Amino acid sequence: MATYTTKFTGKQIRRCCLTAFFLIFLTSCQQKTDSQNLSIFYQPLNQDRDISQQQWKEFGREIRGIGIKNIVIQWTQYGNQTFGESHGWLAQRMEALQDDNIKLWVGLYSDPNYFREIHTNATEQKVYLTEYFNKLHKSYMQWKTWLRIHSNKVQGLYLPLELSDYDFKTPAQREQLAQILKQQVKRYDEPLMISLYLSGQLTQSQIKQWTDQLTNLGLIVYVQDGAGTQALSTDERHAYLDDLGCNVGIIREIFVQDKAAKSFKADRVSKEKFDSILNEKTCHPDAMFSLRYLPSNLNPLKLVGEK
């Protein structure tokens, strides 16, 4: 191979330096963009079955255009509702999202009576959770083939428990829960995600210890920010969230709950509020709750009770 020497002028050197700086700047910007891994939750309801595939595809393209790269399907079975299982309408919707290059977290069985059953003592919690996780694993087996076929677009599994300091106040309850979840981590090859919400029953340091305990089990942990439910004051919420490690994700609530309603009722946030949430930068992985509340003219998902 021939070797040769080229002589550079001062102007050429400056030009080369500027070009190199510009390329480095572009690369760093691209790396920053790629590091943002925005997710949004979707709670399937049977009322969504009537949405046309065309509507769903258009919505999926808008979702991707916003910068949302992952959708957490909160459950694939809700009580006795199976949404057609792995060959039904929900599976078709999930596949359409994957066609738009959106990756999925696939939620498993969710118990409609969970919030009532879990609010008890440690002894009864153990009995209930053992039964619950058996049902959850059965739902996983129903979707196992689908998960294998679509594994390149599946990030992992979501466990549809919403853990709360309201239900796990004592160290004994949290330790027992940790031992149960430790067994679940061993049961699945896929990564497992779990979420929790805050009610002010534990201190900031106790919440941080709890999230550290859960992440040390190998779970991917997200904490709801509580902005939509307004269960805590703004200062209280920020105090809790600011104390969490950067490895813990934050779920941004993009709804406003109607506190006067007898049952849960909420409206979408304004487009301006949504944009401010979207542009808020923290060190935490970001998710939003939920797809049904996404303020968009293309959103085909009706709110609960909406006609």
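The structure under discussion appears in the preceding block.
Since this is a predicted model, take the numbers as computed values, not measurements.

A.B. asks: Whenever I open this one, the overall build of the chain confuses me. Can you help?
C.D. replies: Each helix and strand in the chain was counted, giving nine helices and twelve strands. Looking at the chain as a whole, 44% of its 307 residues are labelled buried. For the chain, the share of sequence-separated contacts (at least 6 apart) that also reach a separation of at least 24 residues comes to 82%.

A.B. asks: I would appreciate a short explanation of the pairing of strand β1 (residues 38–42) in the present structure.
C.D. replies: The side chains of a regular strand alternate between both faces of the sheet. Buried residues dominate β1, accounting for five of its five residues. Side chains of β1 alternate between two faces, with Leu-38, Ile-40 and Tyr-42 and Ser-39 and Phe-41 buried alike. Relative to strand β2 (residues 68–73), β1 runs parallel, the two sharing five bridges. Bridge pairing links Ser-39 to Asn-70 in β2. In this fold, β1 hands off to helix α2 (residues 53–66), which returns the chain to β2; that crossover is right-handed.

A.B. asks: What am I meant to see in the packing of aromatic side chains here?
C.D. replies: In this description, an aromatic ring pair is defined by two values, namely the gap between the centres and the angle between the planes. Throughout the structure, instances matching the rule amount to 17 aromatic pairs. Measuring from centroid to centroid gives 5.5 Å for Tyr-132 and Phe-133, while their planes differ by 80°, and the two rings are edge-to-face. Taken individually, Tyr-132 and Phe-133 each receive the classification buried, so the pair is uniform in this respect. Connected via pairs of aromatic rings, a cluster forms that spans Tyr-109, Tyr-114, Phe-115, Tyr-128, Tyr-132 and Phe-133. Lying over the aromatic face of Trp-56, Arg-93 brings its terminal NZ or CZ to 5.9 Å of the ring centre. Its guanidinium or amino end placed over the ring of Tyr-166, Lys-169 lies 4.7 Å from that ring's centre, counting from NZ or CZ.

A.B. asks: Help me understand the sheet that holds strand β12 (residues 286–289) in this model?
C.D. replies: Each strand in a sheet pairs with its neighbour through backbone hydrogen bonds, running either in the same direction (parallel) or in the opposite one (antiparallel). Taken in spatial order, the eight strands close into a barrel running β1-β2-β4-β6-β7-β8-β9-β12, and their pairing is parallel. Taken over all neighbouring pairs, the strand axes of this sheet differ in orientation by 30° on average, direction set aside. Sheet analysis places strand β6 (residues 154–164) next to strand β7 (residues 192–197), joined by five bridges and oriented parallel. Within the sheet, the bridge partner assigned to Tyr-158 lies in β7 and is Met-193.

A.B. asks: Where do I start with the pairing of β12 in this structure?
C.D. replies: Side chains of β12 alternate between two faces, with Asp-286 and Met-288 and Ala-287 and Phe-289 buried alike. In the sheet, β1 pairs with β12 via two bridges, with the strands oriented parallel. By the bridge assignment for β12, Ile-40 is matched with Met-288. Across four bridges, strand β9 (residues 249–253) lies against β12 in parallel orientation. Following the sheet pairing, Glu-253 is matched in β12 by Phe-289.

A.B. asks: How do you make sense of the nonpolar core when you look at a structure like this?
C.D. replies: A general feature of soluble globular proteins is that nonpolar side chains tend to end up buried together. With 84 residues, the main nonpolar core has Ile-71, Leu-163 and Leu-291 as its most contacted residues. The element best represented in this core is helix α5 (residues 122–149), accounting for nine residues. When residues no more than four places from it in sequence are discounted, the contact partners of Leu-291 are Ile-40, Phe-41, Tyr-42, Trp-56, Phe-59, Ile-63, Ile-71, Asn-299 and Leu-301.

A.B. asks: Sorry, what's going on with the environment of Lys-103 here?
C.D. replies: Secondary-structure assignment places Lys-103 in strand β4 (residues 103–107). Along the backbone, Lys-103 and Ser-39 are 64 residues apart, and their C-alpha atoms lie at a distance of 9.2 Å. Excluding residues that lie within four positions of it along the chain, Lys-103 makes contacts with Lys-69, Asn-70, Ile-71, Asn-152, Lys-153 and Gln-155.

A.B. asks: Honestly, the packing of helix α6 (residues 171–187) against helix α7 (residues 204–216) in this entry has me stumped. Any pointers?
C.D. replies: Angle between the axes and distance between the axes: these two values describe a pair of packed helices. Between α6 and α7, the shortest axis-to-axis distance is 10 Å and the interhelical angle comes to 20°. Taken as axis vectors, α6 and α7 run roughly parallel relative to one another. Here α6 and α7 pass one another in a crossing that is right-handed. In this structure, α6 contributes Arg-174, Glu-175, Leu-177, Ala-178 and Leu-181 to the contact, and α7 contributes Trp-210, Gln-213 and Leu-214.

The rules we used
By convention here, each chain's residues receive numbers from 1 onward along its written sequence. Per-residue local features of the predicted model are confined to residues with pLDDT of at least 70, and side-chain atom pairs are confined, for both listing and counting, to 80 or more; whole-chain, interface and lining totals are unaffected and use all residues. Note that the side-chain values use all heavy atoms of the structure and ignore hydrogens as well as water. A helix here means a DSSP run of H or I that spans at least four residues, while a strand means a run of E at least two residues long, and both kinds are numbered starting from the N terminus. Between buried and exposed lies partly exposed: a residue is buried under 20% and exposed over 50% of the maximum accessible area for its type, with that area taken using a 1.4 Å probe on protein chains only. Two residues form a contact once any of their heavy atoms are found within 4.5 Å. DSSP bridges decide pairing: two strands pair if at least two such bridges lie between them. The path from the first strand over the helix to the second decides the hand: if it runs clockwise while the strands point away from the viewer, the crossover is right-handed. Working definition: rings of Phe, Tyr and Trp (its six-membered ring) pair if their centres are within 6.5 Å, and the pair is stacked with planes under 30 degrees apart, edge-to-face with planes over 60 apart, and tilted otherwise. Put simply, a charge is over a ring when the Lys NZ or the Arg CZ is close to the ring centre, within 6 Å, and near the line of the ring normal, within 35 degrees. With axes taken as lines fitted to C-alpha atoms, and helix axes fitted only over the stretch in contact, angles between N-to-C directions fall between 0 and 180 degrees. The set of buried Ala, Val, Leu, Ile, Met, Phe, Trp, Tyr and Cys residues whose side-chain atoms join them within 4.5 Å is what this entry labels a nonpolar core. Convention used here: angles under 35 degrees read as roughly parallel, angles over 145 as roughly antiparallel, angles from 65 to 115 as roughly perpendicular, and any remaining angle as oblique. Crossings are sorted by hand: turned counterclockwise from the far helix by less than a right angle, the near helix makes the crossing left-handed, and turned clockwise it makes it right-handed.

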